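Fold and geometry: a report
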Amino acid sequence: MSNRPEPLVVARDLVKAHGRTPALRGAGLDLGAGEIVAVTGPSGSGKSTLLHCLAGIASPDEGSVTYAGERVDTLPERRLSELRRTEFGVVFQFGQLIPELTALDNVALPLMLAGTARGAAQERAADWLERFGAGEQRGLRPGELSGGQAQRVALARALVTGPRVVLADEPTGALDSLASEQVMAALVRTARETGAAVLVVTHDAQVAAYADREVRLQDGVTQDGVTAGLEVHA
Amino acid sequence: MQYILISMSTRHILLGLLAKGPSHGYDLKRRHDEHFPQARPLAYGQVYTTLQRLVRDGLAEVAGTDADGGPERTLYRLTEDGAREATDWAGQVTPPAPYVTNEIFAKVVVAILTDGDPASHLLAQRAAHMERMRELTTLKTAPGTELATVLAADYALNHLDADLRWMTTTQARLTTLTAVTVEADRA
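The structure presented is a predicted model; accordingly, all values stated were derived computationally and were not measured.

Let us look at the overall build of chain A. Counting its regular elements, chain A contains 7 helices and 10 strands. Relative to the globule expectation of 17 Å for 234 residues, the C-alpha radius of gyration of chain A, 18 Å, shows essentially globular dimensions. Along the first, second and third principal axes, the C-alpha set of chain A runs to 50 × 50 × 35 Å. Expressed as a percentage of its 234 residues, the buried residues of chain A come to 52%. Nonlocal contacts in chain A, meaning residues at least 24 apart in sequence, comprise 72% of its contacts between residues at least 6 apart. When the accessible surface of chain A is split by element, carbon and sulfur atoms take 48% of a total near 10,500 Å². Within chain A, one finds 23 positive and 29 negative side-chain charges whose respective centroids are separated by 4 Å.

What follows is about the interface of chain A and chain B. In this assembly, 18 residues from chain A lie in contact with 18 residues from chain B. When the area that chain A buries against chain B is broken down by residue, the three leading residues are A:A205, A:Q206 and A:A209, summing to 33%. Scanning the region where chain A abuts chain B turns up 2 salt bridges. Here A:E214 makes a salt bridge to B:R126, at a shortest N to O gap of 2.5 Å. Scanning the region where chain A abuts chain B turns up 4 residue pairs in polar contact (both at pLDDT 80 or more).

Right, let's get into the pattern of salt bridges. Under the defined criterion, the tally for this structure stands at 24 salt bridges over all chains. A:E77 is paired through a salt bridge with A:R84; the nearest N and O atoms lie 2.8 Å apart. On the basis of relative accessible area, A:E77 is assigned to the partly exposed category, the value being 46%. Residues B:D27 and B:R30 are paired through a salt bridge, measuring 2.4 Å at the closest nitrogen-oxygen approach. Of the two residues, B:D27 and B:R30 are both situated in helix α2 (residues 25–35); the distance of 3 residues between them amounts to about one turn of the helix. Taking relative accessible area as the criterion, B:R30 reaches 37% and is therefore assigned partly exposed.

All names here are of chain B. Put simply, α2 and helix α3 (residues 44–56) touch, their axes get as near as 9 Å, and they point 115 degrees apart. Relative to α3, α2 is oriented so that their crossing is right-handed. Within the contact between the two elements, α2 uses G25, Y26, L28 and K29 and α3 uses Y44, V47, Y48 and L51. Among the residues forming the contact of α2 with α3, the class breakdown is 6 nonpolar, 1 polar and 1 charged.

Time to look at the UniProt feature "domain: Transcription regulator PadR N-terminal" (unreviewed entry) in chain B. Here the UniProt-annotated "domain: Transcription regulator PadR N-terminal" (unreviewed entry) positions come out as residues 14–86 of chain B. End C-alpha to end C-alpha, residues 14–86 of chain B measures 9 Å, and it is 49% helix and 21% strand.

Let us look at the pairing of strand β6 (residues 88–91) of chain A. Residues and elements named next belong to chain A. The two faces of β6 match: F88 and V90 on one face and G89 and V91 on the other face are all buried. Bridging between β6 and strand β7 (residues 165–169) involves 4 bridges; their strand directions are parallel. Its bridge partner being in β7, V91 is matched across the sheet by A168.

A:V107, A:L129, A:V153, A:L187 and B:M133 are the most contacted members of the largest nonpolar core, which has 57 residues in total. Contacts of A:V107, omitting those with residues within four sequence positions, involve A:A125, A:W128, A:L129, A:V153, A:A156, A:R157 and A:V160.

Let us now look at the confidence of the model for chain B. Residues and elements named next belong to chain B. Mean pLDDT over chain B: 85, with 87% of residues reaching 70 or higher. The low-confidence segment residues 1–7, where pLDDT is below 50, has 17 contacts with residues more than four positions distant or belonging to other chains. This prediction of the complex comes with two scores: 0.79 for pTM and 0.81 for ipTM.

Residue and element names in this part refer to chain B. Looking at the element boundaries, T149 is found in helix α7 (residues 147–186). Distance from T149 to R53, taken between C-alpha atoms, is 29 Å for residues 96 residues apart in sequence. Each residue touching T149, except ones within four places of it in the same chain, is listed here: P37, Q38 and L139.

What follows is about a negative patch on the surface. A contiguous patch of negative charge on the surface is contributed by A:E123, A:D127, A:E130 and A:E136. Considering the arrangement of structural elements, one finds A:D127 in helix α4 (residues 118–131).

Definitions and cut-offs
- Residues numbered from 1 in each chain as written.
- Chains lettered and ligands numbered in written order.
- Predicted model: local features only at pLDDT ≥ 70, side-chain atom pairs only at ≥ 80, totals over all residues.
- Heavy atoms only, no water.
- Helix = DSSP H or I, 4+ residues; strand = E, 2+ residues; numbered from the N terminus.
- Rg over C-alpha atoms; globule rule 2.2 N^0.38 Å.
- Buried < 20%, exposed > 50% of the residue type's maximum accessible area, 1.4 Å probe, protein only.
- Contact = heavy atoms within 4.5 Å.
- Areas by Shrake-Rupley, 256 points an atom, 1.4 Å probe, with all protein chains shown as cover.
- Lys, Arg positive; Asp, Glu negative; His and termini not counted.
- Charge placed at Lys NZ, Arg CZ, Asp CG, Glu CD.
- Buried area = accessible area lost by both parts, 1.4 Å probe.
- Salt bridge = Lys/Arg side-chain N within 4 Å of Asp/Glu carboxyl O.
- Polar contact = N/O pair within 3.5 Å; in protein donor to acceptor, adjacent residues only side chain to side chain.
- Axes fitted to C-alpha atoms, helices over the stretch in contact; angles between N-to-C directions.
- Left-handed = near helix turned anticlockwise from the far one by under 90°.
- Nonpolar A, V, L, I, M, F, W, Y, C, P; charged D, E, K, R; others polar.
- UniProt positions renumbered as here; feature names shortened; annotations may be inferred.
- Pairing = 2+ DSSP bridges.
- Core = buried A, V, L, I, M, F, W, Y, C linked by side-chain atoms within 4.5 Å.
- pLDDT = per-residue confidence, 0-100.
- Patch = residues over 30% accessible without salt bridge, like charges linked within 9 Å, V, L, I, M, F, W, Y side chains within 5 Å.

Laid out in structure tokens, this is it:
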């Protein structure tokens, strides 16, 4: 479609198998700067594998992934780690917060790993927890948080370093509908404010409806752009 | 503008609105549209016709007139029977989808009967549904959105979501059916 932003992440012809089981069989997509895209599809269609390839967590067997013109899939691990620390924010279904740390320290951690002093990191982390409506939970550990609160902390942690790309794998998969709505509304609002591009992998159409567009995966193949030239007969 | 709720019992909704106290037709129409912001606005003619029927059936009665600086308007109020009818109706369990008359379902059946391409149709319909769900999500998450609008959008989103799940299952069944047919042709 002509009004899409300039692509920031570009995946082409991705093929990936887990052992003998094919997960991706020629998948591709463009994620534009500031764009929110939902990747949907049935279980086993390759959604999470696609996200892992985009984030550099997995290497495709064939095809390419570029970020801002730089090939991600062939990068050495050191540069990949740097990208994941500074340019990408990744969120998983179960938050994957560190259980021994408070919500505040979980969010401050990526900043401290990047060299920010503890006090300054905690100050910024507190701001981000407020933005996601989790300020009151700053002193709690993950085990003391509800599912929705934990996901909002995980989102704050993913966004605290100011990434240009947020990759979220079923971020509301374990939440009820109202908690899911709060998490998605917070993610979309913050992404609009910061200009971050967001890719959300979900099996839930109501979650996908928060995105600007949907990319559908079926048997490891993407079916993009089905809305182009669509006619609706009332 | 596409409305969310298509058909409802105007008769019982007017009884419900009158439960808050006497009101005239113009005010009832305005309050109806406030409470059902995504429904098709009620026509004045329908309000007055329904009020006359409620009076005829003993469920409402004329409570006087109200000029309020403008033209004189007839005020209506609930009778005891009307109040009971509104309560009874609101408490009745609605028959769960007794008839499958959905247009998408009908089109898929006709596409199969005419050797059409139901799978492509379902894909295009899915895109249309997602587009509408995006509009509704934007509507309900906009700052300051009234509760009535949020509830109406939730209702519509859940029904569209149910359609989508049916379409996904149907697409999978069609794929299986095609595979079985191809296999049978080969044998």
